Amino acid sequence: MLDHLIADFMKNWVLYVSIPFVSGIIGYVTKVVAIRMMFAPMDFIGFKIFGIPIGWQGIVPRKAEKMATISVELMSTRLITANEVFARLDPHRIAKEIEGPMTAAAEEITRAVAQQYQPGLWEMMPEFARQKIIKKMQTEAPQVVANIMSEIQGDVDKYFDIKHMVISNLMKDRKMLNEIFQKVGHQEFKFFSNAGFYFGFGIGLIQMVCWLLFKQPWMLPAFGGFVGFFSDWAALQMMFRPMQPKKIMGFTFHGLFLKRQQEVARDYAALISKQLLTPANMMEELFRGALSDRIMELIHRNVREMIDAQTGSIRPLVVYAVGSQKYIEMKNVVTEKILERLPETMKHMESYAEDAMDVRNTLVDRMQRLTSEEFEGMLRPAFKEDEWSLIAVGAVLGFLVGELQIQFMLN
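Note that the structure is a prediction, hence the values are computed from the model and not measured. (Residues numbered from 1 in each chain as written. Predicted model: local features only at pLDDT ≥ 70, side-chain atom pairs only at ≥ 80, totals over all residues. Heavy atoms only, no water.)

(A) Structural context of unusual backbone geometry. The omega torsion across Ala40 and Pro41 is -5 degrees, close enough to zero to call that bond cis. By the element assignment, Pro41 lies in the loop between helix 2 (13–39) and strand 1 (45–49). The linkage connecting Arg241 with the following residue, Pro242, adopts the cis geometry, with an omega of 0 degrees. Counting through the fold element by element, Pro242 comes out in the loop between helix 14 (219–240) and strand 3 (246–248). Phi at Asp358 takes a positive value of approximately 50 degrees, unusual for a residue other than glycine. Within the secondary structure, Asp358 is located in the loop between helix 21 (350–357) and helix 22 (359–368). On the basis of relative accessible area, Asp358 is assigned to the partly exposed category, the value being 31%. (Helix = DSSP H or I, 4+ residues; strand = E, 2+ residues; numbered from the N terminus. Buried < 20%, exposed > 50% of the residue type's maximum accessible area, 1.4 Å probe, protein only.)

Structure follows, in structure tokens:
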């Protein structure tokens, strides 16, 4: 019996030796496919039969809103808050940073409004008088911005919704959401693919012995399916379990992703601070976001107060000269023109704001201090959503390759 097995092996050694390698390739390919399926395609590819979609869309792009919500929940509750970010900004420093473009805008606005409502009077005024009015407007305009920022700092949640900002930006750019998960887990995805080969190769050795002994046609596809299934499941377990370091027979075991917490924190913080939690995105959220109507109301009130303060004791004369209705209209026009210029003007404070908010270092510090359970939530959602489908696809692909393999072996 043994002699017969040895003779069979020596005669067909190429086929037998190929079995563990093919099994390893099955393990590797199914992992590469699983990772690809997590992120691609960005949009659904397929068709519908009786209204039932048949096809695929990357798990992360398909669940973009849920993924973004999970990410922002951790970010806004454990890593950084809008209140502390805005508290680090100095309103007077912001006023100084935007002073140049704001004073230029103030002169244009003053001339335009004066010529619109009292063209004759404005032209008849001596140049020194016109310059005095312009200078006063230029002096007051940056201070108005400082006052507005101070009021925002007093009640950040009333004017700024960090969750809406993060989710809306990630929904607009689903590639960024992909990039976050890919950047955070790049080492784990590499391990996931390589582990598939080694798991597959090991199981393939058992498969080779079983084929040598029994030569049952069902074995290769069954083993192929098992390789695809088991290697996916086992690799996922190794990435996230055990949650805490455990020593077994002198070896320390710890989830591979969890073990890299310090390094991941730096990668994640660099990406988020440069692409998501930026001064530009924050200003965009303030002026055009979910609570922008409150900001507009705040700006309207501050600009109207500025104009009333500037006219001061001569306000009755101004009202008499232009009419009460036109005076109100004039204040509204000044406000609208300032609003038009403000988003562009605020870009001049972005460099200061980036340094002052110090988002990157804050994220690094907070992430490095997360518990293992919290830190797992940085990457695990990408796998957990439809994890069963990734494992199932691995099993199906392994089965099909095993079926092809058996056809080759029998022929």
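Next comes the rest of the account.
(B) Structural context of the nonpolar core. Counting residues in hydrophobic clusters, the biggest one holds 90 residues, and the most contacted among them are Leu277 and Met346. Beyond its immediate chain neighbours, meaning those up to four positions away, Met346 contacts Ile94, Ile98, Val145, Met149, Met283 and Phe287. By size, the runner-up hydrophobic cluster in this structure holds eight residues, among which are Tyr16, Ile19, Leu220 and Ile406. (Core = buried A, V, L, I, M, F, W, Y, C linked by side-chain atoms within 4.5 Å. Contact = heavy atoms within 4.5 Å.)

(C) Local environment of the side chain of Gln207. Residue placement: Gln207 occurs in helix 13 (residues 186–214). Not counting chain neighbours up to four residues away, the residues in contact with Gln207 comprise Ile19, Ser23, Met219, Leu220, Phe223 and Gln405.

(D) Expanded view of the environment of Ser372. Structurally, Ser372 can be placed in helix 23 (residues 372–376). It is 9.6 Å that separates the C-alpha atoms of Ser372 and Gly255, two residues lying 117 residues apart in sequence.

(E) Representation of the packing of helix 11 (residues 162–172) against helix 12 (residues 174–184) in the model. Helix 12 packs onto helix 11 with a crossing angle of 100 degrees between their chain directions and a minimal axis gap of 4 Å. It follows that helix 11 is roughly perpendicular to helix 12 by the angle criterion. Across the interface between the two elements, Leu170, Met171 and Lys172 of helix 11 pack against Arg174, Met176, Leu177 and Ile180 of helix 12. The class makeup of the residues in the contact of helix 11 with helix 12 is five nonpolar, no polar and two charged. (Axes fitted to C-alpha atoms, helices over the stretch in contact; angles between N-to-C directions. Parallel < 35°, antiparallel > 145°, perpendicular 65-115°, else oblique. Nonpolar A, V, L, I, M, F, W, Y, C, P; charged D, E, K, R; others polar.)

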